[in-house]
Amino acid sequence: MAHAAPFEPFRIKSIEHIRMTTREERAEALEKAGNNLFAIPSEMVLVDLLTDSGGAAMSDAQWGALMMGDEAYAGSKSFAKFEATVRGITGFHHVIPVHQGRAAEHILFSQIVKPGDVIPSNSHFDTTRANIMAAGGKPVDCVCECAFEAEHPCVSKGNVYLPKLRRVLDTERVPFVMCTVTNNAGGGQPVSLSDLQAVSAECRKRKIPFYLDACRFAENAWFISRNEDPRPVREIARAMFDLADGATMSCKKDGLSNTGGFFACRDEGLAEKFKQRLILVEGFPTYGGLARRDLAAIAVGLEEVLDEDYLRYRVGQVAYLAGRLHDAGVPVIQPAGGHAVFIDARAFLPHIPPPQFPGQVLAVALYLESGVRSCEIGTLMFGDGVAPPRMDLVRLAIPRRAYTNTHMDYVADHIIALHHRAAQMRGLRIVQQAAALRHFTARLEEIVPTGAKA
Ligand SMILES: Cc1ncc(COP(=O)(O)O)c(C=O)c1O
């Protein structure tokens, strides 16, 4: 079935040049980088799908708002606009800006996590997980099992599996429950409204606070309004926030901003404690470590992200790329999530065992052939932990409004071509690695079978 490219509901007013590189130049860049795509300079990348965070193209209205930013340290007009916008969308009265999402996580957890506490979620994102652990807590994932089946047709693969959550609540000391919408660590898959309602009811019954990790709240609301509840996305988003006691947010995703975040909640006592800590490490509560003009741009971005024409295009572009790959027989996680396409590298390269990093092999080959930068999420990223990861994936995360459908075709054409010659690819081995978070700095080399030419 041919997939229709979604209409881009904007036209381009300002552009950033992409330098066309040759295969030889990219081979040299890979050699210098030790086959680690984090070490490739951005000018050597043609389509950068490493992350969807912070790379959004801002609108003319956002650039205009930046120019109108009120840089007052205290009581800035830009903060007032930001606060009113977040209150309007979420219904949370206390709104506290931070420089990015993990700062909200760090400050919140330093206030409410005690050593030995257990914090359940559908899947904790890696910074969330690390900040819980830094506060002495234990993060536990309770996502439903279908999240681990690439072809499973469930449209809410980000859902919390309630029996598992209840077991954790029955047996552990749990100061609060979290839910990530959409579930980034689980393929950007949405959480259904009915699942959020069930989790919220369970928490309220036990008087345990429930917080959303709301980085992609609008994309999640779009899926709910498509699959489950046809109300306008803005109403769905509000219905999601109404079920929670507060939210952490990285505005580098659905804030359509290049920086920023916030914590928002209903509890005045908690907000006060948060602000005291914020003043110590981030800044005064009317700017939270940001330039006030950034707050002004975020206030506009948070409204624009709820535009349904935008969301149709946004989620449509991800589905378009996933659909082209799927139709050509490339193993991708189905259905497509909200911000990224995930390729199942174990199925793509069945001859390369997980200890030889099939995800990294594919990501490196894709960069060499096309200049497209993707991200391995598998044995390189998580294989030095306690348990080996259950999947080896390559994530193609699409920055918001930054690339056209032609770029998506370019990406798809190269991946399909690589799929035809997958059998020629060889595994990698690590030659240098750091003690923690090794994927950022590790150096790798190709494993050349004895007797074969390098
Ligand atoms: C689900 C989720 N939570 C938290 C964060 C952290 O946000 P930031 O990168 O702004 O610190 C991210 C970033 O990618 C994320 O995807």
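Residue positions within a chain follow its written sequence, with the count starting from 1. For this predicted model, a pLDDT threshold of at least 70 governs which residues receive local features, and a threshold of 80 or more governs which side-chain atom pairs are given and counted, while totals over whole chains, interfaces and linings are taken from all residues.

For the chain, the helix and strand inventory stands at 16 helices and 14 strands. Every radius of gyration here is taken over C-alpha atoms, with the globule rule written as 2.2 Å times N^0.38, N being the number of residues. For 454 residues, the compact-globule formula gives about 22 Å, and the C-alpha radius of gyration of the chain, at 22 Å, lands near that figure. Along the three orthogonal principal directions, the C-alpha set of the chain runs to about 70 × 55 × 45 Å. Counting over 454 residues, the chain shows a buried share of 51%. Helix and strand definitions here come from DSSP, where helices need a minimum of 4 consecutive H or I residues and strands a minimum of 2 consecutive E residues; each element is numbered from the N-terminal end. Counting other C-beta atoms within 10 Å of each residue's C-beta, where C-beta atoms are placed from the backbone, gives the exposure class: buried for 20 or more, exposed for 12 or fewer, partly exposed between.

So, on to the sheet that holds strand 5 (residues 177-180). Pairing in this open sheet of 5 strands is mixed, and the strands run 2-8-7-6-5 from one edge to the other. Every interior strand has two partners, whereas the edge strands, strand 2 (94-98) and strand 5, have only one. Strand-to-strand twist of the sheet, defined as the mean angle between neighbouring strand axes without regard to direction, takes the value 15°. When DSSP locates at least two bridges between a pair of strands, those strands are taken to pair. As paired elements, strand 5 and strand 6 (residues 210-213) share 4 bridges and run parallel to each other. Counted as the bridge partner of cysteine 179 is leucine 212 from strand 6. Here an angle of 0 to 180 degrees is reported between the N-to-C directions of two axes, which are lines fitted to C-alpha atoms, with helices fitted over the stretch in contact.

In the vicinity of the ligand lie 14 residues, with Gln100, Gly101, Arg102, Phe125 and Ser250 positioned nearest. Broken down by class, the residue content of the shell around the ligand amounts to 2 nonpolar, 9 polar and 3 charged. Note on definitions: a residue is near a molecule or strand provided its C-beta atom, placed from the backbone, lies within 6 Å of it. Throughout, the ten residues Ala, Val, Leu, Ile, Met, Phe, Trp, Tyr, Cys and Pro are labelled nonpolar, Asp, Glu, Lys and Arg are labelled charged, and all others, Gly among them, are labelled polar.

Okay, helix 11 (residues 292-304) next. Because each turn of an α-helix spans 3.6 residues, side chains separated by three or four positions end up pointing in the same direction. What a helix should span is 1.5 Å times the count of its residues minus one. For helix 11, built from 13 residues, the straight-helix expectation of 18 Å at 1.5 Å per residue is met to within 8% by its first-to-last C-alpha distance of 19 Å. Burial analysis of helix 11 places 11 of its 13 residues in the buried class, which makes it a mostly covered element. Buried within helix 11 are the following residues: Arg292, Asp294, Leu295, Ala296, Ala297, Ile298, Ala299, Val300, Gly301, Leu302 and Glu304.

Pairing is antiparallel across the open sheet formed by 3 strands, whose spatial order is 9-12-11. The outermost strands of the open sheet, each flanked by one partner alone, are strand 9 (340-344) and strand 11 (375-377). Across the sheet, the mean angle from the axis of one strand to that of its neighbour is 30°, orientation sign disregarded. As judged from the 3 bridges shared by strand 11 and strand 12 (residues 393-397), these two strands associate in the antiparallel manner. Considered in strand 12, the bridge of cysteine 375 is made with arginine 395. For every residue pair, C-beta atoms are placed from the backbone, and the pair is scored as a contact if these atoms sit within 7 Å. Relative to strand 9, helix 12 (residues 308-327) is tilted by about 25°, and along the sheet it contacts strand 9 and strand 12.

Right, let's get into the pairing of strand 2. The element strand 2 is largely enclosed, with a buried count of 5 among its 5 residues. Alternating residues of strand 2 divide into His94, Ile96 and Val98 and Val95 and Pro97, and every residue in both groups is buried. Relative to strand 8 (residues 261-265), strand 2 runs antiparallel, the two being bridged by 5 bridges. Residue pairing for strand 8: histidine 94 is matched across the bridge by cysteine 265.

The next thing to look at is the domain arrangement of the chain. Partitioning the chain into domains gives domain 1 (23-52 + 307-446) and domain 2 (60-304). Distance between the C-alpha centres of domain 1 and domain 2: 27 Å. Taken together, the contact pairs 20 residues of domain 1 with 20 residues of domain 2. Looking at the side of domain 1 that touches domain 2, the elements that each hand over two or more residues are helix 12 and strand 9. Across the side of domain 1 that touches domain 2, the residue classes break down as 9 nonpolar, 4 polar and 7 charged. Either an automatic procedure or a domain database provided the assignment from which the domain bounds are taken.

At their nearest, the axes of helix 3 (residues 77-90) and helix 11 sit 8 Å apart, and the two run at 30° to each other. Viewed along their axes, helix 3 and helix 11 adopt a mutual orientation that is roughly parallel. Along this stretch, helix 3 crosses helix 11, giving a crossing that reads as left-handed. Between helix 3 and helix 11, the contacting residues are Ser78, Phe79, Lys81, Phe82, Thr85, Val86 and Ile89 on the first element and Arg292, Arg293, Leu295, Ala296, Ile298, Ala299, Leu302 and Glu303 on the second. The residue inventory of the contact of helix 3 with helix 11, partitioned by class, reads 9 nonpolar, 2 polar and 4 charged. Under this scheme an angle from 65 to 115 degrees is roughly perpendicular, one under 35 degrees roughly parallel, and one over 145 degrees roughly antiparallel; angles in between are oblique. Working rule for handedness: look at the near helix, and if it is turned counterclockwise from the far one by less than a right angle, call the crossing left-handed; if clockwise, right-handed.

Within the secondary structure, glutamine 360 sits in helix 14 (residues 358-370). It is 7.6 Å that separates the C-alpha atoms of glutamine 360 and valine 394, two residues lying 34 residues apart in sequence. Not counting residues within four places of it along the chain, the set of residues in contact with glutamine 360 comprises Glu376, Leu380, Leu428 and Leu444.

In this section: the environment of valine 394. Topologically, valine 394 is positioned in strand 12. A residue is classified by how many C-beta atoms lie within 10 Å of it, and valine 394, with 27 of them, is buried. Between the C-alpha atom of valine 394 and that of aspartate 344, which follows or precedes it by 50 residues, the distance is 6.8 Å. If sequence neighbours within four positions are ignored, valine 394 has contacts with Ile343, Ala345, Gly359, Leu362, Ala363, Ser374 and Glu376.

Of the pairings in the sheet, the one linking strand 3 (residues 118-121) to strand 4 (residues 138-141) comprises 4 bridges and is parallel in character. Within strand 4, the residue paired with serine 121 across the bridge is aspartate 141. Running through helix 5 (residues 126-134), the crossover from strand 3 to the neighbouring parallel element strand 4 is right-handed. Think of it like this: strands point away, you trace from the first strand over the helix to the second, and a clockwise trace means the crossover is right-handed.

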